[in-house]
Amino acid sequence: MIEVLARIPLYQIMRWTGRPRLLPLNLTVSVTYRCNSRCRTCNVYEKKADEFTVEEFDRTFASLGRAPYWYTMSGGEPFLRSDLPDICESAYRHGSPGIINIPTNGLLSSRIPSMVEEIAGRCSESQIIVNLSIDDIGERHDDIRGVKGSFEKALETYRGLRGIGASNLTVGVHTVVSVYNVERIPAIYRYVMKELAPDSFITEIAEERVELETIGAAITPDAEAYAGAIDFLIARIKEGSFSGISRVTQSFRIRYYELVKRYLASRRQVIPCYAGIASAQIAPDGDVWFCCVKALPVGNLREADYDFGTVWFGAAAAAERRSVRRGLCSCPLANASYTNMLMHVPTAAGVAREVATGGRGK
């Protein structure tokens, strides 16, 4: 982690000058668009792609080396790929990332726990984070997720994940806050914390994204409704007692929630965006995006002989980088936002000060 902190000033300089030429710190890898859910907040399952093979991922990860500290293996539903352990191991072998994060809808309850155990074993020096999606309780969850029995399958998967004894595994619950559940966030939180007691409970606001084919879907709650739900969660975090890395995590989480509130009120970049500098995404067919909200390809890895740097430092990427720096786009994308906060001196300093003094989230 110390080497990550040492790179922050270099990313800040790169954002303004284009130098030094750094590869991303935070990389989302969409391994598939396929999904066995039919969520009211996502239409990604309608998309088709000529998916990368393990060999293609391996060549790409080799070109990235140790640059990414945080990998997110996303979808669609990533566990629909039976070779997901091979993909994760490839990233681990070439880069030794500190974190490999995998979100899941939990429907494949008979295979997810065994696959996660295999990933944790193969990637033993990385922290494996599995975030199980729960968007409501019982049939309400099934309705949002579009598949009857989704809630019970998710609970079965959760129990299976809890039975894994790997010391490098963290099991969390993730809730997408949308117009369909924003008023029920307190009830969802209380259920999850009492009945499941996950290692973490995180939320992300439902967004209209090109990747998810949800532009114009009107799934994002308004500022007032979101503030009511998220202020409840902020209060619960502040009531908690945390130490070490958990205190850092919770402090950043509060700041992310506050950032989204400010974004909904202003619809502009609240803090500088480092998408295309410190964070990026690879689509299932090898397109490289700065983020999944715009899902604008700046190049394709197959056309670049799987050399990520060739795409990352190309003319199309440079042009899009200038657009992002000028604030011509804005969003509250959680994955990118946490990287942005790490790069934002006032935010990072506030977290450091809070942790050093033992204060709680403010």
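The coordinates are above.
Residues numbered from 1 in each chain as written. Predicted model: local features only at pLDDT ≥ 70, side-chain atom pairs only at ≥ 80, totals over all residues. Heavy atoms only, no water.

Asks: Would you explain the overall build of the protein in this entry?
Replies: If you tally the helices and strands in the protein, you get 13 helices and eight strands. Scaling as 2.2 N^0.38, a compact globule of 362 residues should have a C-alpha radius of gyration of about 21 Å, and the protein matches this with 19 Å. Burial status across the protein gives 57% buried among its 362 residues. Counted over contacts in the protein with a minimum sequence separation of 6, partners at least 24 positions apart contribute 77%. Total accessible area computed for the protein in this model is approximately 15,000 Å², and 51% of it derives from carbon and sulfur atoms. (Helix = DSSP H or I, 4+ residues; strand = E, 2+ residues; numbered from the N terminus. Rg over C-alpha atoms; globule rule 2.2 N^0.38 Å. Buried < 20%, exposed > 50% of the residue type's maximum accessible area, 1.4 Å probe, protein only. Contact = heavy atoms within 4.5 Å. Areas by Shrake-Rupley, 256 points an atom, 1.4 Å probe, with all protein chains shown as cover.)

Asks: Sorry, what's going on with the side chain of D83 here?
Replies: Of note, D83 is situated in the loop between β2 (70-74) and α3 (84-95). Of the residues examined, D83 reaches a relative accessible area of 19% and is grouped as buried. Polar contacts involving the side chain of D83 include one to the side chain of R81, which spans 2.9 Å. (Polar contact = N/O pair within 3.5 Å; in protein donor to acceptor, adjacent residues only side chain to side chain.)

Asks: Looking at this structure, how should I read the nonpolar core?
Replies: Side chains of nonpolar character tend, in soluble globular proteins, to be buried together. Counting residues in hydrophobic clusters, the biggest one holds 109 residues, and the most contacted among them are F61, M73, L84 and F308. Those residues in contact with L84, other than ones at most four positions away along the chain, are V31, M73, P78, F79, I102, M115 and I119. (Core = buried A, V, L, I, M, F, W, Y, C linked by side-chain atoms within 4.5 Å.)

Asks: Before we go on, may I ask you to explain the pattern of salt bridges in this structure?
Replies: Enumeration according to the criterion identifies 22 salt bridges in this entry. R40 is the salt-bridge partner of D143, the closest N and O atoms lying 2.7 Å from each other. Pair noted here: D143 is in helix α5 (residues 139-145) and R40 is in the loop between β1 (26-30) and α2 (54-64), with a separation of 103 residues, a long-range link. A single network of salt bridges, built from pairs that share partners, joins R34, E51, R81 and D83. (Salt bridge = Lys/Arg side-chain N within 4 Å of Asp/Glu carboxyl O.)

Asks: Would you explain the pairing of β1 in this entry?
Replies: Look at any regular strand and the pattern is simple: side chains alternate between the two faces of the sheet. Of all five residues in β1, five are buried, a share of seventy percent or more. Along β1, one buried face is formed by N26, T28 and S30 and the opposite face, lined by L27 and V29, is buried too. In terms of strand pairing, β1 meets β2 through five bridges, oriented parallel. From the neighbouring strand, T28 faces β2, where its bridge partner is T72. In the classification by handedness, the crossover that spans β1, the intervening α2 and the parallel β2 is right-handed. Bridge count for β1 against strand β7 (residues 279-282) is four bridges, and the pairing is parallel. Paired with V29 across the bridge in β7 is I282. (Pairing = 2+ DSSP bridges. Right-handed = clockwise from strand over helix to strand, strands pointing away.)

Asks: What am I meant to see in the layout of surface pockets here?
Replies: Estimated volume of the second largest pocket: approximately 290 Å³. Lining the second largest pocket are 23 residues; nearest its centre among them are Q269, C273, C329, S330 and C331. Mapped onto the lining of the second largest pocket, the elements with two or more residues apiece are α9 (245-266), α11 (315-325) and α12 (334-343). Taken together, the residues of the lining of the second largest pocket sort by class into 16 nonpolar, four polar and three charged. (1 Å grid on protein atoms, 1.4 Å probe; cavity = no way out; pocket = protein on both sides within 12 Å on 5 of 7 lines; lining within 4 Å. Points joined across faces, edges and corners; volume = space filled by probe spheres on them. Nonpolar A, V, L, I, M, F, W, Y, C, P; charged D, E, K, R; others polar.)

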